Amino acid sequence: MSEIIILFLGAISAGLLGSLTGLGGGVIIIPLLTLGFGVPMHYAIGASLISVVGTSSGAAVAFVKEGFTNMRIGMFLEIATTAGAIAGALVSGILNPNTIGIIFASILLLTVILNLKGKPDHQEPLIKGSLEDKLKLYGTFPDKGVIKKYSARNTIPGFFMMMFAGAMSGLLGIGSGALKVLAMDNMMKLPFKVSTTTSNFMIGVTAVASSLIYFQRGEIIPVIVAPVLVGVVVGSFIGSKTLMVSKTKKLKVFFAIVITILSIYMMYNGINQSFR
C-alpha cells in the first residue's frame with residue numbers, strides 16, 4: 001500500500017513537471033518506474049502510454065472548442081503517427097530493455113533541446129492547386145479577437161516526420177509532442193498555437209494505438225497504471241494552474257537541467273545493462 005502511495009505522489013510530480021515544461025509526464029514516469037521502483041521497462045512504457053491518453057484527452061476537448069485545433073490536419077497526420085506507433089510498439093517487444101533505455105535517453109535530450117529553442121510562428125497563405133489545397137489542409141484560428149487564416153506547407157516531409165514521432169511514442173511510451181510540433185512548426189509552417197493544440201489532440205490517439213499492443217502482450221498492469229494515471233492527471237491540472245502565475249522561461253531552463261541529468265542517468269543505466 002505504501003508503495004502505491006509513493007508511486008501516486010511520484011506520478012503527481014511527473015504530471016506537474018511535464019505540464020510546466022511542456023514535455024509531458026511520460027518523460028518522468030519511465031525513469032520513475034524503472035529506476036525508482038525497479039519496474040520492467042515494457043511495463044513502465046505501458047503505464048506511461050495510458051497516462052498520456054489521460055492527460056491529453058481533457059486539454060484536447062478545450063482546444064477544439066476554442067477553435068485552435070485543426071481536426072482535418074490532425075486526422076490526416078494521425079494516419080502517419082498511428083502507423084508509426086504500431087510499428088514502434090511491435091519493435092519494442094523485440095528490443096532489449098537496455099537498448100530502449102539508451103534510445104529513450106537520446107530522444108529525451110533531443111526533446112529538451114527542441115523545447116528550449118524559440119518557436120517560429122508562421123502564417124502561410126493558401127496556394128491554389130497545391131497538395132495542401134487538394135487535401136484541404138488549411139483553416140482559421142482566433143488570435144486576440146481576430147480570426148486569422150493559414151495553410152500547411154511541405155505536407156509530405158511533415159507526414160514522414162510524424163511517422164517517426166509516432167514510432168518513438170510507441171517504442172518509448174512518451175507523447176513525442178516536441179517531435180510532432182517540430183514537424184508542424186518547422187516543416188509544415190503551421191501557426192504555433194495550431195501546431196501545439198493539434199499535437200495535443202493527436203498524442204492521445206497515437207498512445208491508444210500503441211497501448212493496445214502492450215495490453216495484448218499483458219504489459220499493462222492495473223496496479224501500476226491506476227496510481228500513475230490518476231497522479232499524472234492531478235499533477236497536470238496543478239501544473240496548468242501554476243503555469244499561469246510562474247515565470248515559464250526560468251522554469252523551463254531549470255527543469256531542462258533536471259531532465260538532462262535524468263536522461264544521462266538513464267543512458268548510464270542502459271549502457272551498464274541495469275534495466276530489465
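Relevant structure appears above.
Residues numbered from 1 in each chain as written. Predicted model: local features only at pLDDT ≥ 70, side-chain atom pairs only at ≥ 80, totals over all residues. Heavy atoms only, no water.

S.K.: Explain the nonpolar core to me, and be specific about the residues and the numbers.
M.R.: Within the largest apolar cluster, 64 residues are counted, with the highest numbers of intra-cluster contacts made by I29, L33, L77 and L172. When residues of this core are assigned to their parent elements, the largest contribution, eight residues, is made by helix α7 (residues 155-172). Excluding anything up to four places from it in sequence, L33 contacts L7, G38, V39, A44, A47, I224 and V228. (Core = buried A, V, L, I, M, F, W, Y, C linked by side-chain atoms within 4.5 Å. Buried < 20%, exposed > 50% of the residue type's maximum accessible area, 1.4 Å probe, protein only. Helix = DSSP H or I, 4+ residues; strand = E, 2+ residues; numbered from the N terminus. Contact = heavy atoms within 4.5 Å.)

S.K.: Got a sec to walk through the packing of aromatic side chains? Specific residues and values, please.
M.R.: The final tally for this structure, using the stated rule, is three aromatic pairs. Seen from their ring centres, F159 and F160 are 6.2 Å apart, and the 90° between their planes marks the pair as edge-to-face. Assessed through its relative accessible area of 53%, F160 is described here as exposed. It is R217 that lies over the ring of Y214; its NZ or CZ is 4.8 Å from the centre. (Phe/Tyr/Trp six-rings, centres within 6.5 Å; stacked < 30°, edge-to-face > 60°. Lys NZ or Arg CZ within 6 Å of the ring centre and 35° of its normal.)

S.K.: Before we move on, can you summarise unusual backbone geometry with the specific residues and values?
M.R.: Despite not being glycine, K189 shows a phi value in the positive range, around 60°. Checked against the element boundaries, K189 lands in the loop between α8 (177-187) and α9 (192-216). On the basis of relative accessibility, which here comes to 25%, the residue K189 falls in the partly exposed class.

S.K.: I'd like a description of the packing of α7 against α9, backed by residues and values.
M.R.: One way to put it is that α7 packs onto α9 with a least axis distance of 9 Å and a crossing angle of 50°. Here α9 runs oblique to α7, going by the angle between their axes. The two elements α7 and α9 cross, and the hand of that crossing is right-handed. Residue-level contacts link M162, G166, S169, G170 and L171 of α7 to M202, T206, S210 and Y214 of α9. Residue composition of the contact of α7 with α9, by class: four nonpolar, five polar and no charged. (Axes fitted to C-alpha atoms, helices over the stretch in contact; angles between N-to-C directions. Parallel < 35°, antiparallel > 145°, perpendicular 65-115°, else oblique. Left-handed = near helix turned anticlockwise from the far one by under 90°. Nonpolar A, V, L, I, M, F, W, Y, C, P; charged D, E, K, R; others polar.)

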